[in-house]
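Spelled out, the chains give:
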Amino acid sequence: MVVILKLDHLEYKEAILDSPEFREKLKKHEKHIVDTNKNIKNLLKKFEDVLNASNELQSAQDSLATSLKDFQLGFVGEMSEEETDLFESFECTYSLFHEMKEFSNKMINTGQKLIKQMNDFRRVKIDQFKEKKKEYERQNIKYSTALEKYLQSSQNLKKERTADEHSTDFFF
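Cut-offs applied
- For every chain, the first residue of its written sequence is number 1, and the numbers climb from 1 along that sequence.
- Restriction of local features to residues with pLDDT of at least 70 applies here, the model being predicted, together with a cutoff of 80 or more for giving and counting side-chain atom pairs; totals for whole chains, interfaces and linings are based on all residues.
- The side-chain figures draw on all heavy atoms in the structure; neither hydrogens nor water molecules are used.
- Helical segments are the DSSP runs of H or I of at least four residues, strand segments are the runs of E of at least two, and each set is numbered from the N terminus.
- As defined in this context, the radius of gyration uses C-alpha atoms, and a globule is described by 2.2 Å times the residue total to the power 0.38.
- A contact between two residues is defined here by any heavy atoms of the two lying within 4.5 Å.
- All accessible-area figures derive from a Shrake-Rupley calculation using a 1.4 Å probe, and residue coverage is judged against the displayed protein chains alone.
- Neither His nor the chain termini are counted; the positive set is Lys and Arg, and the negative set is Asp and Glu.
- In this description, the location of a charge corresponds to atom NZ of lysine, CZ of arginine, CG of aspartate or CD of glutamate.
- Two rings belonging to Phe, Tyr or Trp (six-membered ring only in the last case) form a pair when the distance between their centres is within 6.5 Å. Interplanar angles under 30 degrees mark stacking, angles over 60 mark edge-to-face geometry, and anything in between is tilted.
- Think of it in three bands: with a 1.4 Å probe and only protein chains considered, a residue is buried below 20% of the maximum accessible area for its type, exposed above 50%, and partly exposed in between.
- What goes into a patch is any residue over 30% in relative accessible area without a salt bridge, connected to like charges within 9 Å or, for nonpolar side chains (Val, Leu, Ile, Met, Phe, Trp, Tyr), within 5 Å.
- Salt bridges are identified by distance alone: a Lys or Arg side-chain nitrogen within 4 Å of an Asp or Glu carboxyl oxygen.

Caption draft 1: Representation of the overall build of the protein. A count of helices and strands for the protein gives 3 helices and 0 strands. Along the chain direction, N to C, the helices and strands of the protein fall in the order α-α-α. The globule rule puts the C-alpha radius of gyration for 172 residues at 16 Å, and the 36 Å found for the protein is more than 25% above it. Its C-alpha atoms put the protein at 140 × 25 × 15 Å along the principal axes. Here the analysis covers contacts within the protein between residues at least 6 apart in sequence; of these, 72% occur between residues at least 24 apart. Accessible surface, the protein as shown: approximately 14,600 Å² in total, 58% of it carbon and sulfur. Of the charged side chains in the protein, 29 are positive and 32 negative, and the gap between their average positions amounts to 13 Å.

Caption draft 2: Here's a closer look at the packing of aromatic side chains. Enumeration according to the criterion identifies 3 aromatic pairs in this entry. Arranged with centres 4.9 Å apart and planes meeting at 85°, the rings of Phe 71 and Phe 90 form a pair that is edge-to-face. Pair noted here: Phe 71 is in the loop between helix 2 (20-70) and helix 3 (81-171) and Phe 90 is in helix 3, with a separation of 19 residues, a long-range link. Here Phe 90 falls in the buried class, since its relative accessible area comes to 17%.

Caption draft 3: Examining a negative patch on the surface more closely. Negative charge collects at one region of the surface, where Glu 81, Glu 82, Asp 85, Glu 88 and Glu 91 lie side by side. Along the chain, Glu 81 turns up in helix 3.

Caption draft 4: Just the pattern of salt bridges, in detail. Using the criterion set out here, one finds 7 salt bridges in the structure. For Glu 30, the salt bridge identified is with Lys 133, shortest N-O distance 3.7 Å. Taken together, the residues span a long stretch of sequence, with Glu 30 in helix 2 and Lys 133 in helix 3 at a distance of 103 residues. We classify Lys 133 as partly exposed; its relative accessible area is 28%. Here Lys 31 ties to Asp 35 by a salt bridge, and the two come within 2.7 Å at their closest N and O atoms. Of this pair, Lys 31 and Asp 35 both sit in helix 2, separated by 4 residues, roughly a single helical turn. Lys 31 gets classed as exposed once you look at its relative accessible area, which sits at 53%.

No statement about biological role is implied by the geometric values presented.
Below you can see the structure in the form of structure tokens.
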């Protein structure tokens, strides 16, 4: 069963205020995206395993169907009813394997299209999110560094002013 998780909206006003609630919502969104990426990778792996197993099964079925089709049994005189039924069963089984192969091919083709769509989604959307997050973190580091430098210079300026005030107090 597919579970759809409803996340809280991220409001622009909250982003500007950078409140702890916003940070918590943002963490939930990021965790959801990371979990979705893992789930898609896991699903793709399992899907590919099923498709590989289907190909192996199809190969084995083709081999058996060919053996049934090419089966030859020598007999003397007329065939008995049992022998006729046996050969008809071989032909019927061969036909069923052929129909199964057609259905299996459709399933494999559909599965491959689904895998491609899921991979495309993961590569485009999730990788895009990862790149934007990295860029945000880089910009945040630049901003924090600039802010720290400003605060440091501001504190140094205050210390210099205080020192200047103390040194000028001695001269008066």
